[in-house]
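# What the coordinates show
Each chain, written out:
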Amino acid sequence: MAFFITFEGVEGCGKTTQLKRLKERIEEAGERVTATREPGGSPVADKIRAILLDAENRDMVPLAELLLYAAARAQHVQEVIAPALERGDIVLCDRFTDATMAYQGYGRELNLETIGQLNELATGGLQPQLTVLIDCPVEVGLTRALARIESTTGAREERFELESVRFHERVRDGYLRLAATYPDRFVVVDGSGSVEQTEVVLVSAIASRLPDKLRAAFGGGRVR
Ligand code: TMP
């Protein structure tokens, strides 16, 4: 039962945790899931991710950044997402085209129409059937994200976390505008509470948007 769901939101909104929980829930219901992320999700795209998120690359110009996101996405769609959907998997992707609109468009203030064209080119027109926007105040999210970076021993993927609060406010507003523009595709969930609170709201908010077979397996949106 191919179905494509993306997760979006500002830094530290909790989307990665919620994606993992939804993956487990869907697998328990007996469906096959491909969980992936952007930028990255394949070996080549992960190398592009490392360039994009390295805080030492502070000289990268916004247009180069935009083109690298598009390059990573083209690779990821062709190598991972499209084949998974062809196999009939449910694909859960941590960020996708809306992130480019929100970060490079509203955040960096690059031309939205150009970004739309690049997104179309990179994806071959593939769009998510459902986008979960986990919304929370920028200060709440950044506090969580910076605490996570401090506790990590791996590469410090902090180029975006180091941007100004105003940049992140523009990103958040951009996401909310996208959600208002595409209400049939977006579900907005408040991510400022605990993981458990967010999960309860998320599951009941998306249940009616899922294909019948999956909704039935979810118990009509009831939470365990
Ligand atoms: P993450 O925090 O979900 O791992 O995402 C990595 C960063 O990449 C995050 O700061 C948002 C940024 N990003 C963009 O700026 N544009 C994009 O198109 C994508 C997919 C991510």
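Shown above is the structure to which this text applies.
An account of the accompanying structure is given in this report. The written sequence of each chain sets the order in which its residues are numbered from 1. In keeping with the model being predicted, local features are shown solely for residues with a pLDDT of at least 70 and side-chain atom pairs are shown and tallied solely at 80 or more, while totals for entire chains, interfaces and linings include all residues. As a rule here, side-chain values come from all non-hydrogen atoms in the structure, and water together with hydrogens is ignored.

### A word on unusual backbone geometry
Glu 38 connects to Pro 39 through a cis peptide bond whose omega is -10°. Numbering goes from the N terminus for both helices and strands, where a helix is a DSSP run of H or I of at least four residues and a strand is a run of E of at least two. Looking at the element boundaries, Pro 39 is found in the loop between β2 (33–37) and α2 (43–53). Located in the positive-phi region is Glu 109, a residue other than glycine, with phi close to 65°. A simple rule labels every residue: compare its accessible area, found with a 1.4 Å probe on the protein chains alone, to the largest value its type can have, and call it buried under 20%, exposed over 50%, or partly exposed in between. Given the relative accessible area of 59%, Glu 109 is considered exposed.

### Some thoughts on the site of the ligand
Taken together, 14 residues are adjacent to the ligand, and Glu 11, Lys 15, Arg 95, Thr 100 and Gln 104 come closest. Any pair of N or O atoms that falls within 3.5 Å is considered a polar contact. Within protein, one atom must be able to donate a hydrogen and the other to accept it, and sequence-neighbouring residues count only if both atoms are side-chain atoms. Between an oxygen atom of the ligand and a side-chain N or O atom of Lys 15, the distance comes to 2.7 Å. Tyr 69 places a polar side-chain atom, nitrogen or oxygen, 3.1 Å from an oxygen atom of the ligand. Only the protein chains shown count as cover for residues, and all accessible areas are computed by the Shrake-Rupley method using a 1.4 Å probe. Taken by itself the ligand offers 480 Å² of open surface, and the protein chains cover 92% of this. Mapped by element, the contributors of at least two residues to the shell around the ligand are α2, α3 (62–87) and α4 (97–107). Considering each element in turn, the shell around the ligand owes the most residues, four residues, to α4. Residue classes follow a fixed rule: Ala, Val, Leu, Ile, Met, Phe, Trp, Tyr, Cys and Pro count as nonpolar, while Asp, Glu, Lys and Arg count as charged, and any other residue, Gly among them, counts as polar. Among the residues making up the shell around the ligand, the classes are represented as six nonpolar, two polar and six charged. Near is defined per residue: the residue qualifies when any heavy atom it owns lies within 4 Å of the molecule or strand.

### Observations regarding the nonpolar core
Counting residues in hydrophobic clusters, the biggest one holds 48 residues, and the most contacted among them are Ile 5, Phe 7 and Leu 92. Whether two residues are in contact is decided by their heavy atoms: any pair within 4.5 Å suffices. Apart from residues lying up to four places away in sequence, Ile 5 is in contact with Leu 22, Val 91, Leu 92, Cys 93, Leu 130, Val 132 and Leu 210. Here, nonpolar core means buried Ala, Val, Leu, Ile, Met, Phe, Trp, Tyr and Cys residues that are tied together by side-chain atoms lying within 4.5 Å of each other. Judged by nonpolar contacts, the second largest core, of eight residues, contains Phe 4, Ile 81, Ala 84 and Val 91.

### Examining the sheet that holds strand β4 (residues 130–135)
Overall, parallel pairing links the five strands, which are arranged β2-β3-β1-β4-β5 in an open sheet. Every other strand in the sheet has two partners, leaving β2 and β5 (186–190) as the edge strands with one partner each. Shown here is a sheet whose adjacent strand axes are inclined to one another by a mean of 20°, direction ignored. For two strands to be treated as a pair, DSSP must find at least two bridges joining them. Across five bridges, β2 lies against strand β3 (residues 90–94) in parallel orientation. In the strand pairing of β3, Thr 36 is matched with Cys 93. Here the axes come from fitting lines to C-alpha atoms, over the contacting stretch only for helices, and the angles between their N-to-C directions go from 0 to 180 degrees.

Just distances and angles here, no functional claims.
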